[in-house]
Each structure stands twice: as C-alpha cells, then as structure tokens.
Amino acid sequence: MKCLIINGSPKKNGNTDRVLDAFRTNFDGDIEEINPFSINGKGIQSCLDCGGCTRQKGCVINDDFNKLIKDDYDILLIASPIYMSNLPGPMINIVNRFNFIFNNKNVLHSSFDFKHKKGVLILLGGGSACKKLMGDSNQSNAIKQSMYIFSKLNAEVAKENTIVYVETDAHPVENNYLLLEQVKDIACSLNKENFFIEER
Ligand SMILES: Cc1cc2nc3c(=O)[nH]c(=O)nc-3n(C[C@H](O)[C@H](O)[C@H](O)COP(=O)(O)O)c2cc1C
C-alpha cells in the first residue's frame with residue numbers, strides 16, 4: 001500500500017508539515033512525497049504550452065509531475081495551505097499541467113486511464129479570507145482546485161477523509177491535539193483497507 005503525498009507548503013515545520021507528521025507517523029504503508037515548490041525535489045512548474053503533448057504521450061517536462069502520473073500509488077493525499085483563497089501558485093501548476101490529457105486525446109487519440117484510488121484532502125488556512133479579491137470565500141476555490149486534481153487522477157475523496165481547517169492563526173497545528181487526532185484517525189482507517197494494485 002503506497003501513499004503519494006503532495007505537500008503544498010514551502011515551509012519546513014509549518015502547519016502543513018506538522019499535520020503531515022501526524023500522518024507520516026501513523027500510516028503503515030509506503031510514503032512518497034512531492035512538493036511543487038521544489039522543496040527536496042524538482043518541483044512542478046507550469047504548463048509551457050510547448051506542444052510536446054501533441055507529439056508524444058504524456059508531458060515532456062521533466063519534473064515531479066511525472067511522479068503523479070506514474071500512477072503507482074493507492075492513496076493520493078493533498079495537504080496544502082490556502083493562499084489568497086486559492087491553492088498556492090505551484091499547486092495551481094499541477095492543475096494546468098493536466099492540459100496534456102486534452103492534447104494527448106484530441107491530437108494523438110491516446111487516453112490515460114488512471115486506476116481508481118483513495119483521496120485525502122487537508123487544507124489549512126490562517127482564518128482571513130482574501131475578501132477584496134475573492135468576496136467572502138476563503139475555501140471554496142481551494143477545495144474545487146484540489147478536487148480537480150483528485151478527479152483527473154481518479155482519486156475518490158470520502159467526507160471522512162477531508163479536513164478543511166481555517167484557524168491556524170489563532171490555533172496553530174502544533175499542540176492542536178483535536179486536529180492531529182483527526183489526521184491520525186484517517187491514517188489508521190487507511191491502514192485497515194485492503195488495496196489491490198490493478199495491472200495497467
Ligand atoms: C501568501 C499567503 C496568502 C494567504 N492567504 C490566506 C487566505 O486567503 N485565507 C486563509 O485562511 N489563510 C491564508 N493564509 C494563511 C495560511 O494559509 C496559513 O498560515 C497556513 O496555516 C500556512 O500553512 P504552512 O505553515 O504549512 O505554510 C495565507 C498565507 C500566505 C503566506
């Protein structure tokens with residue numbers, strides 16, 4: 001059983017990292033982690049509209065997006081801070097990189113069939129919506145953007161595997177035992193699942 005974590009925060013020991021610690025220490029399976037900000041890896045850059053995906057299958061950019069579409073994991077966990085009521089910029093890069101699916105299909109008549117998997121969503125916000133830009137919404141864009149990533153990779157996110165916590169300014173994750181317990185529960189319930197790797 002393998003979990004691929006997308007860590008959407010540039011901060012070591014920040015709220016996202018601490019929430020992920022609770023998952024890392026309680027999940028029994030293998031974990032691979034990517035960070036689109038290029039923390040400990042190549043990162044994930046934006047689609048360059050280079051047209052490579054009209055000539056060959058997949059995306060020609062050589063970065064950590066390839067680990068996402070390798071599809072060798074059973075669980076996809078997105079943990080990210082909310083920035084200006086959206087996912088941070090490098091997380092949005094993931095959204096626009098799915099452009100390759102459109103071009104592969106329409107020009108090359110080739111489709112990507114990602115295997116069905118479980119999704120886990122953990123979004124963290126400090127508590128102040130970016131009202132001038134977004135109106136009152138503090139979460140809905142970030143949720144929609146995350147759900148788009150899950151849907152493209154065929155990951156199903158159950159309600160009990162979703163945490164949207166937007167009070168980290170007043171109550172940081174460190175010492176927030178209720179929140180950390182919730183994350184631990186998610187990891188423990190995933191440990192009880194039986195996953196069968198589908199052959200592609
Ligand atoms: C550029 C920027 C924009 C932010 N915008 C929002 C926001 O719109 N809504 C919100 O609730 N928190 C916002 N925050 C606060 C972060 O989401 C919050 O502090 C989060 O816990 C940071 O997680 P981290 O420590 O893992 O990086 C913003 C923070 C930054 C740096």
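Residues numbered from 1 in each chain as written. Predicted model: local features only at pLDDT ≥ 70, side-chain atom pairs only at ≥ 80, totals over all residues.

Colleague: Looking at this structure, I do not really get the overall build of the protein chain. What am I missing?
Modeller: When its secondary structure is counted, the protein chain shows seven helices and five strands. Traced from its N-terminal end to its C-terminal end, the protein chain shows the element sequence β-α-β-α-β-α-α-β-α-α-β-α. Taken over C-alpha atoms, the radius of gyration comes to 17 Å for the protein chain, in line with the 16 Å a tight globule of 200 residues would show. In terms of overall dimensions, the protein chain has C-alpha extents of about 50 × 45 × 30 Å along its principal axes. Across the 200 residues in the protein chain, those meeting the buried criterion constitute 33%. Of the contacts made within the protein chain by residues no fewer than 6 positions apart, 78% connect residues no fewer than 24 positions apart. (Helix = DSSP H or I, 4+ residues; strand = E, 2+ residues; numbered from the N terminus. Rg over C-alpha atoms; globule rule 2.2 N^0.38 Å. Buried ≥ 20, exposed ≤ 12 C-beta atoms within 10 Å, placed from the backbone. Contact = placed C-beta atoms within 7 Å.)

Colleague: Would you take a moment to explain the packing of helix α1 (residues 15-26) against helix α7 (residues 177-191) for this structure?
Modeller: Each pair of packed helices gets described by two things: the angle between the helix axes and the distance between those axes. Relative to each other, α1 and α7 sit at 35°, their axes nearing to 8 Å. The hand of the α1/α7 crossing is right-handed. Mapping the contact onto sequence places V19, A22, F23 and N26 in α1 and L180, V183, K184, A187 and C188 in α7. (Axes fitted to C-alpha atoms, helices over the stretch in contact; angles between N-to-C directions. Left-handed = near helix turned anticlockwise from the far one by under 90°.)

Colleague: Explanation requested: α1 in the structure shown.
Modeller: One turn of an α-helix holds 3.6 residues; hence residues three or four places apart share an orientation. Helix length check: α1, at 12 residues, gives a terminal C-alpha distance of 17 Å against a target of 16 Å (1.5 Å per residue), a fit within 8%. All of the buried residues in α1 are N15, T16, R18, V19, L20, A22 and F23. Turning to α1, the residues buried within the fold contact β1 (2-7), β3 (75-81), β4 (117-124) and α7. (Expected span 1.5 Å × (residues − 1).)

Colleague: Can you help me understand the site of the ligand in this one?
Modeller: Around the ligand lies a shell of 20 residues, among which G14, T16, P81, G125 and G126 are the nearest. Grouping the amino acids of the shell around the ligand by side-chain chemistry returns eight nonpolar, 11 polar and one charged. (Near = placed C-beta within 6 Å. Nonpolar A, V, L, I, M, F, W, Y, C, P; charged D, E, K, R; others polar.)

Colleague: Please clarify how the sheet that holds β4 should be interpreted in this entry.
Modeller: Across a sheet, strands are paired by hydrogen bonds formed along the backbone, either parallel or antiparallel in direction. Ordered by their spatial adjacency, five strands build an open sheet running β2-β1-β3-β4-β5, and the pairing between neighbours is parallel. Here the strands that pair on one side only, and so sit at the sheet edges, are β2 (30-34) and β5 (155-165). Strand-to-strand twist of the sheet, defined as the mean angle between neighbouring strand axes without regard to direction, takes the value 15°. Here β1 pairs with β3 via five bridges, running parallel. When the sheet's bridge partners are listed, L4 is paired in β3 with L76. (Pairing = 2+ DSSP bridges.)

Colleague: How should the pairing of β2 be read in this particular structure?
Modeller: Taken together, the five bridges between β1 and β2 define a ladder with parallel strand orientation. Bridge pairing in β2 places I6 opposite I34. In the classification by handedness, the crossover that spans β1, the intervening α1 and the parallel β2 is right-handed. (Right-handed = clockwise from strand over helix to strand, strands pointing away.)

Colleague: Which parts of the structure should I look at to understand unusual backbone geometry?
Modeller: Glycine aside, the phi torsion of most residues is negative, and most peptide linkages are trans. The residue S85 is not glycine, and still its phi comes out positive at about 65°. Within the fold, S85 resides in the loop between β3 and α3 (89-97). The backbone of N154 sits at a positive phi, close to 60°, despite the residue not being glycine.

Colleague: For this particular structure, what's the right way to read α3?
Modeller: Those residues of α3 not exposed but buried are P90, M91, I92, N93, I94 and R97. Tucked inside the fold, the buried residues of α3 contact α2 (65-69), β3, α4 (99-108) and α6 (140-152).

Colleague: Whenever I open this one, the nonpolar core confuses me. Can you help?
Modeller: Within soluble globular proteins, side chains that are nonpolar tend to cluster in buried spots. Counting 43 residues, the largest nonpolar core has V19, L76, L77, I122 and V183 as its most contacted members. In this structure I122 touches V19, A79, I163 and V183, once residues within four positions along its chain are discounted. (Core = buried A, V, L, I, M, F, W, Y, C linked by C-beta atoms within 7 Å.)

Colleague: Would you mind showing me how to read the environment of V120 here?
Modeller: Inspection of the secondary structure puts V120 in strand β4. When the C-alpha positions of V120 and S46 are compared, they lie 24 Å apart, and in sequence the two are 74 residues distant. In this view, V120 contacts I75, L77, V157, N161 and I186; residues no more than four positions away in its chain are not counted.

Colleague: Could you clarify how one ought to interpret the packing of α3 against α6 in this entry?
Modeller: For the pair α3 and α6, interaxial distance at closest approach is 10 Å and the crossing angle is 45°. Classified by the interaxial angle, the pair formed by α3 and α6 is oblique. Handedness of the α3/α6 crossing: left-handed. Seen from α3, the contacting residues are I92, I94 and V95; seen from α6, they are Q145, Y148 and I149. In the contact of α3 with α6, the residues fall into five nonpolar, one polar and no charged. (Parallel < 35°, antiparallel > 145°, perpendicular 65-115°, else oblique.)

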